[in-house]
Amino acid sequence: MAVFEGNFTTDPESLRIAIVIGRFNDMVTGKLLAGCQDCLQRHGVDTNPQGSQTDYFWVPGSFEIAMVARQVANSRRYNAVICLGAVIRGDTPHFDYVAAEAAKGIAAASFQTGIPVIFGILTTDTLQQALERAGIKSNLGWNYAMNALEMANLMRSMVGEE
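All values derive from a computational prediction rather than experimental measurement. (Residues numbered from 1 in each chain as written. Predicted model: local features only at pLDDT ≥ 70, side-chain atom pairs only at ≥ 80, totals over all residues. Heavy atoms only, no water.)

1. Points about the overall build of the protein chain
Applicable threshold: Starting at the N terminus, helices and strands are each numbered in turn, a helix being any DSSP run of H or I of at least four residues and a strand any DSSP run of E of at least two. Only the C-alpha atoms count toward the radius of gyration. The rule for a globule is 2.2 Å times the residue count to the power 0.38. Accessibility here uses a 1.4 Å probe with only protein chains present; expressed as a share of the type maximum, an area under 20% marks a residue as buried, one over 50% as exposed, and anything in between as partly exposed. Working definition of accessibility: Shrake-Rupley area with a 1.4 Å probe, residue cover restricted to the visible protein chains.
Per the secondary structure count, the protein chain includes five helices and four strands. Sequence-ordered secondary structure for the protein chain, helices as α and strands as β, is β-α-β-α-β-α-β-α-α. For 162 residues, the compact-globule formula gives about 15 Å, and the C-alpha radius of gyration of the protein chain, at 15 Å, lands near that figure. By its C-alpha atoms, the protein chain is 50 × 35 × 30 Å across when sized along the principal axes. When each of the 162 residues of the protein chain is scored for burial, the buried share is 47%. In the form shown here, the protein chain has an accessible surface area of approximately 8,300 Å², with 54% of it arising from carbon and sulfur atoms.

2. With respect to the nonpolar core
Rules: The set of buried Ala, Val, Leu, Ile, Met, Phe, Trp, Tyr and Cys residues whose side-chain atoms join them within 4.5 Å is what this entry labels a nonpolar core. We call two residues in contact when some of their heavy atoms are within 4.5 Å.
Membership of the largest hydrophobic core comes to 27 residues, with the highest contact counts inside it found for I19, V28, L40, I82 and L84. Taken together, the elements giving at least two residues each to this core come down to strand 1 (17–22), helix 1 (26–42), strand 3 (80–88), strand 4 (117–124), helix 4 (127–133) and helix 5 (140–158). Setting aside chain neighbours within four positions, we find I82 in contact with I17, A18, I19, V20, C36, L40, I118, Y144, A145 and A148. With 22 residues, the next largest nonpolar core counts A18, V72, C83 and V98 among its residues.

3. Describing the layout of surface pockets
For clarity, the threshold we go by: Think of a 1 Å grid over the protein atoms and nothing else: a 1.4 Å probe that fits but is trapped marks a cavity, an open set flanked by protein within 12 Å on at least five of seven lines marks a pocket, and residues with an atom within 4 Å of a point count as lining. Grid points are joined across faces, edges and corners, and a volume is the space filled by probe spheres set on the points. Only Asp, Glu, Lys and Arg are considered charged in this grouping, and only Ala, Val, Leu, Ile, Met, Phe, Trp, Tyr, Cys and Pro are considered nonpolar; every other residue, Gly among them, is considered polar.
Approximately 260 Å³ is the volume found for the largest pocket. Along its surface, the largest pocket is lined by 16 residues, and F24, N25, V87, H94 and V98 are the ones closest to its centre. Put simply, the parts of the chain that give the lining of the largest pocket at least two residues each are helix 2 (62–74), strand 3 and helix 3 (94–113). A per-class count over the lining of the largest pocket returns eight nonpolar, six polar and two charged.

4. Points about the environment of M67
Relative to the helices and strands, M67 resides in helix 2. The class of M67 is exposed, set by a relative accessible area of 60%. Separated by 42 residues in sequence, M67 and A109 place their C-alpha atoms 7.9 Å apart.

5. Focus on unusual backbone geometry
What is expected of a backbone is that most residues other than glycine have negative phi and most peptide bonds are trans. Although it is not a glycine, N25 adopts a positive phi angle of roughly 65 degrees. Its identity is not glycine, yet R76 carries a phi of approximately 65 degrees, on the positive side. On the secondary structure map, R76 appears in the loop between helix 2 and strand 3.

6. Digging into the packing of aromatic side chains
Note the cut-off: To pair, rings of Phe, Tyr and Trp, with the six-membered ring standing in for Trp, must have centres within 6.5 Å; the planes then decide the type, stacked if under 30 degrees apart, edge-to-face if over 60, and tilted in the middle.
A complete count under the given rule lists one aromatic pair for this structure. With 6.3 Å between their ring centres and 85 degrees between their planes, F57 and Y78 make a pair best called edge-to-face. Of the two residues, F57 sits in strand 2 (residues 54–59) while Y78 sits in the loop between helix 2 and strand 3, which places them 21 residues apart along the sequence. Accessibility expressed as a relative area gives 26% for F57, which makes it partly exposed. Given the relative accessible area of 4%, Y78 is considered buried.

7. A word on the sheet that holds strand 1
Definition in use: In short, DSSP must find at least two bridges between two strands for them to pair. All axes here are fitted lines through C-alpha atoms, helices being fitted over the stretch that makes contact, and every angle between N-to-C directions spans 0 to 180 degrees.
Spatially, the four strands line up as an open sheet ordered 2-1-3-4, and their pairing is parallel. Two strands bound the open sheet, and with one partner strand each, they are strand 2 and strand 4. Ignoring strand direction, the axes of neighbouring strands in this sheet form an average angle of 15 degrees. Where strand 1 meets strand 3, five bridges bridge the pair, whose relative direction is parallel. Within strand 3, the position partnered with I19 by the bridge is I82. Against the sheet, helix 2 contacts strand 1, strand 2, strand 3 and strand 4, and its axis sits at roughly 175 degrees relative to strand 3. The strands touched by helix 5 are strand 3 and strand 4; relative to strand 4, the strand with the most contacts, the crossing angle is about 160 degrees.

Rendered as structure tokens:
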């Protein structure tokens, strides 16, 4: 019997990461991206856009993230895709539709491609809550990058690429 578990130290130089970021609420998504990049850099992944390990895909908002994430994962060029966005509740039901469809689409992208696609879309009631999760109290962008590293390494160990 074997135990498979992801880690954060297995040959980070060989990982390729895609990050899909929604521009809408960019005051929040920019901070999430900075936290994500900090984590990846500290774990040995080159986040320079001109480098060979990390590519960035900017989309209008959180609703569009899933479609691009699926295309990127389908390319098989990446070990993980990190999706960053922010959906903040307003006075209309728009929040419910966007948040639900973004979550479903990101999950489907991962299931359909077998590539870890990390759900890093904040869904909050207020801008203050979003800012707290994007850096004022802690930066969840860091956590999303950790999830991507762990899942990428777990998937590689399962197929014997380590």
